[in-house]
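Observations on the model geometry
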Amino acid sequence: MTMNCRRRPGAQSAGGGLALCASVVLCLAALAGGARAAGAGWNEFGLEPKAAPAVTDTIIEPFFAFVVGMAEVDSLGTWHSGDVAAFAAARGKPSQFPLGRLVTIERRRPAAGTRDRYPEAMVRAEWVVTFDGPLDFPLPYSILGYHPGSLRVAQSLQLAELAAQDFTLAWREKHQVVRHPVTQVRMFTCESGYMLLDADAVVDHLLGDLLDDAWTVGFVSARDGGGRLSLSLMVGRNLRPIYGEFDLATDAIEPNGRPLAAALAGAVRPWLDPKLGLLPAPWVEK
């Protein structure tokens, strides 16, 4: 079961911009699966069925569906790329990501005494994602019709998954304060390794402030009623905070920041701040 801890209502609204939603490697969140593991089960993979992501959910990209599903059913274990490929085949949807480069992905409980390393939040699980080497591939999504550049990913990534929370977000609209609840807000903080967008110089020139080199500090998923919110939180070369919104139901980057997405980005930014000393120094690829 997913632990829930309620945060104080009234989270502040956020600034942000458009940046790719390399929710890309919500891979973050994590990746794929395969060795026998405690507490996880896929009928398709020959494991004892206990809990599995719903294949009827509105997440088009099978990679994201696999990752989000594993977090939502709180499965622990170690998996391989073939398991994600089998999951994608069962859904009838090819993945846009280089799953063949994946070696293992693990979701585990944090070590004793480390669960409360983030203020006002508990670490529910840790993800370790290992590839066969560093990745450098074109981002498989476009922004306003342009393919913005390449995604560079370290050979090994470690992310902390914070226990789900419910927020009441707030922002100003036409001189009024709008308040809006979101639930099951899960933050995935990039504690080791790197994920960054290396923006194409020509596209960077064309899009200006809409696009910048972006260093990923974490990812966020949330429920908005019956729908989902998915964000990447990043910093630019000058460390300015930027974020990107990704629509899992249409498998596309949202080109214009919605007030709701901006408010969520601002609300979670305190946990995704390299100044906390829990995240790698930005723009140091190691």
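Here the structure is a predicted model, which is why all the values come from computation and not from measurement.

Scanning the chain for helices and strands turns up 4 helices and 13 strands. Per-residue burial over the chain gives 53% buried out of 286 residues. Taking the contacts inside the chain whose residues are at least 6 apart along the sequence as the reference set, 71% of them involve residues at least 24 apart. Of the roughly 12000 Å² of accessible surface on the chain, 53% is carried by carbon and sulfur atoms.

To continue, consider the environment of F66. Along the chain, F66 turns up in helix α1 (residues 62–72). For the pair formed by F66 and F87, sequence separation is 21 residues and the distance between their alpha carbons is 7.5 Å.

This part covers the pattern of salt bridges. What the rule picks out here adds up to 13 salt bridges. Of the charged contacts in the structure, one is a salt bridge between E126 and R108, with a shortest N-O distance of 3.1 Å. A residue pair is termed long-range when its members are at least 10 positions apart, and E126 in strand β3 (residues 123–131) and R108 in strand β2 (residues 102–108) qualify at 18 residues. Exposure remark for E126: the relative accessible area of 7% places this residue in the buried category. Residue E285 is joined to R152 by a salt bridge in which the shortest nitrogen-to-oxygen separation is 2.4 Å.

Right, let's get into unusual backbone geometry. In this model, E120 sits at a positive phi of 60°, which is unusual for a non-glycine residue. Of note in the backbone geometry, W283 takes a positive phi value of approximately 65° without being a glycine. Of note, W283 is situated in the segment after α4 (259–268). Relative accessible area serves as the criterion here: at 18%, W283 is assigned to the buried category.

On to the packing of aromatic side chains, then. Considering all chains together, one arrives at 5 aromatic pairs under this definition. Geometrically, the ring pair formed by F66 and W79 is edge-to-face, given 6.4 Å between the ring centres and 80° between the ring planes. Remark: W79 occurs in strand β1 (residues 77–79) and F66 occurs in helix α1; sequence separation between them is 13 residues. As far as the burial class goes, F66 and W79 line up, both buried. With a centroid separation of 5.6 Å and an interplanar angle of 55°, the aromatic rings of W215 and W283 are classed as tilted.

With that out of the way, let us pick up α4. Counting buried positions over the 10 residues of α4 gives 9, a clear majority of the element. For α4, every residue scored as buried is listed here: L260, A261, A262, A263, L264, A265, G266, A267 and V268. For α4, the elements touching its buried residues are β7 (165–173), β8 (176–192), β10 (214–224), β11 (227–235) and β12 (241–247).

Relative orientation of the contacting elements α1 and helix α2 (residues 81–91) amounts to 110°, with a least axis distance of 9 Å. Taken together, the axes of α1 and α2 lie roughly perpendicular to each other. In this structure, the crossing between α1 and α2 has a hand that is right-handed. Contacts from P62, F63, A65 and F66 of α1 reach α2 at D83, V84, F87, A88 and R91. Across the contact of α1 with α2, the residue classes tally to 7 nonpolar, no polar and 2 charged.

Relative to β2, β1 runs antiparallel, the two sharing 3 bridges. The residue of β2 that forms the bridge with W79 is I105. Two strands pair when backbone bridges link them, and β2 and β3 are joined in this way by 6 bridges, in the antiparallel orientation. The residue bridging R107 from the neighbouring strand is W127, located in β3.

Turning next to the environment of L272. Here L272 shows up in the segment after α4. When its relative accessible area of 0% is taken as the criterion, L272 is described as buried. A sequence separation of 154 residues divides L272 from Y118, and the C-alpha atoms of the two residues are 9.7 Å apart. Not counting chain neighbours up to four residues away, the residues in contact with L272 comprise F188, T189, V217, G218, V220, L233 and L279.

Rules and cut-offs
Residues numbered from 1 in each chain as written. Predicted model: local features only at pLDDT ≥ 70, side-chain atom pairs only at ≥ 80, totals over all residues. Heavy atoms only, no water. Helix = DSSP H or I, 4+ residues; strand = E, 2+ residues; numbered from the N terminus. Buried < 20%, exposed > 50% of the residue type's maximum accessible area, 1.4 Å probe, protein only. Contact = heavy atoms within 4.5 Å. Areas by Shrake-Rupley, 256 points an atom, 1.4 Å probe, with all protein chains shown as cover. Salt bridge = Lys/Arg side-chain N within 4 Å of Asp/Glu carboxyl O. Phe/Tyr/Trp six-rings, centres within 6.5 Å; stacked < 30°, edge-to-face > 60°. Axes fitted to C-alpha atoms, helices over the stretch in contact; angles between N-to-C directions. Parallel < 35°, antiparallel > 145°, perpendicular 65-115°, else oblique. Left-handed = near helix turned anticlockwise from the far one by under 90°. Nonpolar A, V, L, I, M, F, W, Y, C, P; charged D, E, K, R; others polar. Pairing = 2+ DSSP bridges.

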